[in-house]
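Listed here are the chains, written in short residue letters.
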Amino acid sequence: MVIANQTDYRKQIYDVIKGNVSSIENEWIETKLKGGKTAILTAFVATPRFISKSEIKTDSNLNIQNWSLDQLVRIFFLLSFQSQNKEEYCKSIDLLFETAEINEYVALISALSYLPYPEYWQLRATDAVRSNIGPVLNAIAFNNTYPKDHFTELAWNQLVLKCIFNDKPIKEIIGLEERSNYNLAQSISNLAHERWAAGRNITPQAWRLVRNFVDESIFRDLEKLLKSDNKNDNLAAALVSLDSKNPNALELLKNHAELVQEIKQKNISWAVID
Amino acid sequence: MCIKHPEFSQNPSHFEGGAESQANAKIIETDYMEYIRGMKFFDPHIHMTSRTTDDYTALAEAGVVAIIEPAFWLGQPRTGLATFKDYYSSLVGWERFRSSQFGIKHYCTIGLNSREANNEALAEQVMEILPLFLYKEGVVGVGEIGFDDQTVAEEKYYRAQLELSREANLPVQVHTPHRDKKKGTELSMSIALEHKIAPDMVIIDHNNEETVESVLNQGFWAAFTIYPFTKMGNERMVEIVKKYGSDRIMVNSAADWGISDPLAVPKTAALMKIKGISDEDIQKVTYQNAIDAFGKSGQIQVSDFENPAEIDQSLKFNGNTVLRGGQAPKIDKNSLIIS
């Protein structure tokens, strides 16, 4: 089975690759493509031995600006491997996962959205969230549509919380606002309480995910944030209050008129809060 | 009640020599870093899977910038293929990442060790998955393979893996046995030559005074493991470099789950310095020769560890890993307060 999305993506990647490879590299890729299943899967593994690690130059709108050429070629091979038989297909890709070195693992996770049978890869995706290998977690968390489209609420919340816990830039999670939910807001508030008890903080950015779920407990968090020495905590609390449409929160802002003024004057949004 | 077995009594340490040795040992234990300041080291044989994060910190502080972790026997026999597969995966995955957290470039060699080659039913299955790992990035050889008890099965899988190394054009890291070492070393070399493996593609490991001459004369690389009690002491190592020079000789720690010293390479460099061996020779046996030998795999880019400024900080510190919740990567071990 081939999904249209996959075919388009594969073609766009191929175009970028062609604009970046040397003639020798291109020849190697073409030869491998003509081979069968084993040739393509072996090429996926062997790519860095034949393709340079140079950074890609492209003006395409694919989100691959920071990728190295070998990683892109790897993904291209992965998408070039097809099978009419689901069992055979999944078995082959599973073997790649089970024997993956770090960069291969990152390539596999980055391409999950474009593989056939998306539901089949759930466990691989949630295992990547569980991974303690930084680049692997980054590959599922950032610039990847798979979690937004396929994660249960529990898995989604785990992903976002783990990123907050590890001070990772949650801004780069696709679907962050869209999939915000009450349970996640509660967990963020609880995490903040734990950190405060230990004399630590959470990233002010995390509070954007509570704005539709301001209850009594989170209201008290906002009060505390407005008193914080960290300017970004104050701004985050003000932004949440403005967005929340919670009458108590809006009332609270009356004591912080200068903050509201600053937000309006400087056009401050979540994009600039770290 | 237990009868004290002679095997359990401790062998004398290699530092327990004459008065001069004792004095040197003291210097090396306390001030050796002074002698090697600014030097870089490459330990081509160390089993980090069996070591702690404290060891990684100590390695980085002592100037070890890159290491090779050979696949080996974990201390008890594996019972199935899946545990072999997971072990090999960890060498190219988790352990590689763990090492990167301390700014140390981690390579590995992949192979079926000699002890477990004796379980033929399992060995057959392991041979089938080895090619899946040999072509991975950062795999710099087939290893460690060779003889332990020098059985028929060990020879069979040694030969089979030599063939794999030739197909993959990878160096071979050869473990030589503790018992009947000289015979085992000669046998390992003659079989490699029989399989038409070029001697400069073979690193013969765990050498001593008895084996080194033949290894060098036949054109192989000679590695020396500085390991308390059972292998080489580093004072003996100094004498070997004095006698044979620094060509095709390298030292390693082979630190593992036994009483071993992960800092064996920098400490030996310090001792060489104290004993008047030239900086150039020290650099060759504790750094450059290992790079030249295993670099024949095409998998070693010295720029990856020679320019520490290029270490990816996000990879190093932003990971969620052994360093949790924004912890600083170093701890002050003398501090009573843990924050």
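The rules behind each value
- Residues numbered from 1 in each chain as written.
- Chains lettered and ligands numbered in written order.
- Predicted model: local features only at pLDDT ≥ 70, side-chain atom pairs only at ≥ 80, totals over all residues.
- Core = buried A, V, L, I, M, F, W, Y, C linked by C-beta atoms within 7 Å.
- Buried ≥ 20, exposed ≤ 12 C-beta atoms within 10 Å, placed from the backbone.
- Contact = placed C-beta atoms within 7 Å.
- Helix = DSSP H or I, 4+ residues; strand = E, 2+ residues; numbered from the N terminus.
- Arc of directions from axis to C-beta.
- Pairing = 2+ DSSP bridges.
- Axes fitted to C-alpha atoms, helices over the stretch in contact; angles between N-to-C directions.
- Nonpolar A, V, L, I, M, F, W, Y, C, P; charged D, E, K, R; others polar.
- Domains from an automatic or database assignment.

J.: Where do I start with the nonpolar core in this structure?
T.: Across soluble globular proteins, you tend to see nonpolar side chains buried next to one another. Of all hydrophobic cores here, the largest spans 80 residues; its most connected members are B:Ile110, B:Val172, B:Val202, B:Ile204 and B:Trp221. With residues near it in sequence (within four places) discarded, B:Trp221 still touches B:Val202, B:Ile203, B:Ile204, B:Arg248, B:Met250 and B:Ala293. Judged by nonpolar contacts, the second largest core, of 71 residues, contains A:Leu69, A:Ile109, A:Ala128 and A:Phe151.

J.: In this structure, what is going on with helix H9 (residues 234-244) of chain B? I would like to understand it.
T.: Residues three or four positions apart in an α-helix share a direction because the helix packs 3.6 residues into each turn. Residues and elements named next belong to chain B. For H9, every residue scored as buried is listed here: Asn-234, Met-237 and Val-241. Seen from one end, H9 has its buried residues packed into an arc of 40°, which puts them on one side. Looking one or two residues past H9, Gly-245 carries a phi angle of roughly 80°, positive in sign.

J.: Just to check I follow, could you spell out the sheet that holds strand S8 (residues 249-252) of chain B for this structure?
T.: Across a sheet, paired strands are connected by hydrogen bonds in the backbone, their directions being either parallel or antiparallel. All names here are of chain B. Strand order in the open sheet formed by eight strands is S1-S2-S3-S4-S5-S6-S7-S8, with parallel pairing between adjacent strands. Bordering the open sheet on either side are strand S1 (41-43) and S8, each of which pairs with just one other strand. The mean inter-strand angle of the sheet, taken between neighbouring strand axes irrespective of direction, is 25°. Both strand S3 (residues 105-110) and strand S4 (residues 139-146) contribute to a ladder of three bridges, which runs parallel. Along S4, the bridge assignment pairs Cys-108 with Val-139. Sheet strands in contact with helix H7 (residues 181-194) are S4, strand S5 (172-175) and strand S6 (202-204), and its direction is about 175° off that of S6.

J.: Sorry if this is basic, but what is going on with the interface of chain B and chain A here?
T.: The accessible area lost on association of the parts is a frequent measure of interface size. If you look at the interface, chain B gives 21 residues, while chain A gives 21 residues. For the side of chain B that touches chain A, the per-class residue count stands at seven nonpolar, ten polar and four charged.

J.: Would you explain the domain arrangement of chain A in this entry?
T.: Residue and element names in this part refer to chain A. Partitioning chain A into domains gives domain 1 (4-172) and domain 2 (182-272). On a C-alpha basis, the centres of domain 1 and domain 2 stand 37 Å from each other. Between domain 1 and domain 2, the contact holds nine residues from the first and nine residues from the second. Residues of the side of domain 1 that touches domain 2, tallied by class, amount to five nonpolar, one polar and three charged.

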